[in-house]
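Fold and geometry: a report
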Amino acid sequence: MNREYHRWFSPSLHRDMELLVFGSRGARMIVFPTRQGRFFDYENWGLVSALTEQINSGSLQLFCVDSIDSESLYCDKGPPQARLARHRQYERYILDEVLPFTVRANPQPFLIAHGCSIGAYHAVTLALRHPRLFGKVVGLSGRYDLTKPAGPFRDLFDGYYDQDVYFHTPVHFVANLDEESMLADLRRLEIVLAVGSQDPFHESTITLSTQLWAKGVWNALHVWDGDAHRARYWREMVKLYL
């Protein structure tokens, strides 16, 4: 299996960023790490190995990106406005730097966004905000409302709310979508959501799926028994949904 390490100084983030590439052809897939995770976690947790057949056959090429959650969404030292501003910079990094990098590496037009836990939030939010760029999104055990406490997980914005929060919260902006061109783009996107029945994020996943269907947007919702919020479950899920 082809494996490459890349690092460059990001103009969007004003810091060095790292990523790993697996495979050399096939659909390009951006893989976001879990909460405050790293670009190498997907490999270390056996998820790359779980996709060996797809990678070696040329069906998938993985681009496992790093996170800056500790500087943005999970930065307790900064006010919500600053955390959101940093998060927007991260989105620019993905759109303006990582995506062009993937095209230079592999011109295959089909692009997938994927992640687990908060990585699913990143993947799904990005794909729903920019559906023309993606052909598929797969979110596993994702949290799609960061403003609402869920089990042991607090409201990440401490009650603060503005347009940035709204437009980066899928279960808020999807419910109010009415622009036909945007809805048309979403309706051609393959959306796959999976979550455990006892996962704290089960409610937000069900809500998002329901909202999408209400807008005529197809999506596949898979509910697993129990919590299912662990790498051992994700290794099984990726074999089924990617």
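Above: the structure in question.
Here's what I pulled together on the structure shown here. (Residues numbered from 1 in each chain as written. Predicted model: local features only at pLDDT ≥ 70, side-chain atom pairs only at ≥ 80, totals over all residues. Heavy atoms only, no water.)

Right, let's talk about the pattern of salt bridges for a bit. Tallying each qualifying case throughout the model produces 18 salt bridges. For the salt bridge of Glu91 with Arg129, the shortest nitrogen-to-oxygen distance reads 2.8 Å. With Glu91 in helix α4 (residues 80–105) and Arg129 in helix α5 (residues 118–129), the pair connects residues that are 38 residues apart, well separated along the chain. Between Asp158 and Arg154 there is a salt bridge, with the nearest N and O atoms lying 3.0 Å from each other. A residue is classified by how much of its surface remains accessible, and Asp158, at 52% relative accessible area, is exposed. Accessibility expressed as a relative area gives 34% for Arg154, which makes it partly exposed. A single network of salt bridges, built from pairs that share partners, joins Asp76, Arg83, Arg154 and Asp158. (Salt bridge = Lys/Arg side-chain N within 4 Å of Asp/Glu carboxyl O. Helix = DSSP H or I, 4+ residues; strand = E, 2+ residues; numbered from the N terminus. Buried < 20%, exposed > 50% of the residue type's maximum accessible area, 1.4 Å probe, protein only.)

Moving on to helix α9 (residues 202–214). Look at α9: 18 Å from first C-alpha to last across 13 residues, which is about the 18 Å you get at 1.5 Å a residue. Within α9 the residues assigned to the buried category are Ser204, Thr205, Leu208, Ser209, Gln211 and Leu212. For α9, the arc enclosing every buried residue in end-on projection is 165°, short of the 170-degree limit, so these residues lie on one face. Those residues of α9 hidden inside the fold are in contact with α5, α7 (170–173), β7 (190–196) and β8 (220–224). Positive backbone phi, approximately 75°, marks Gly216, located one or two places after α9. (Expected span 1.5 Å × (residues − 1). Arc of directions from axis to C-beta. Contact = heavy atoms within 4.5 Å.)

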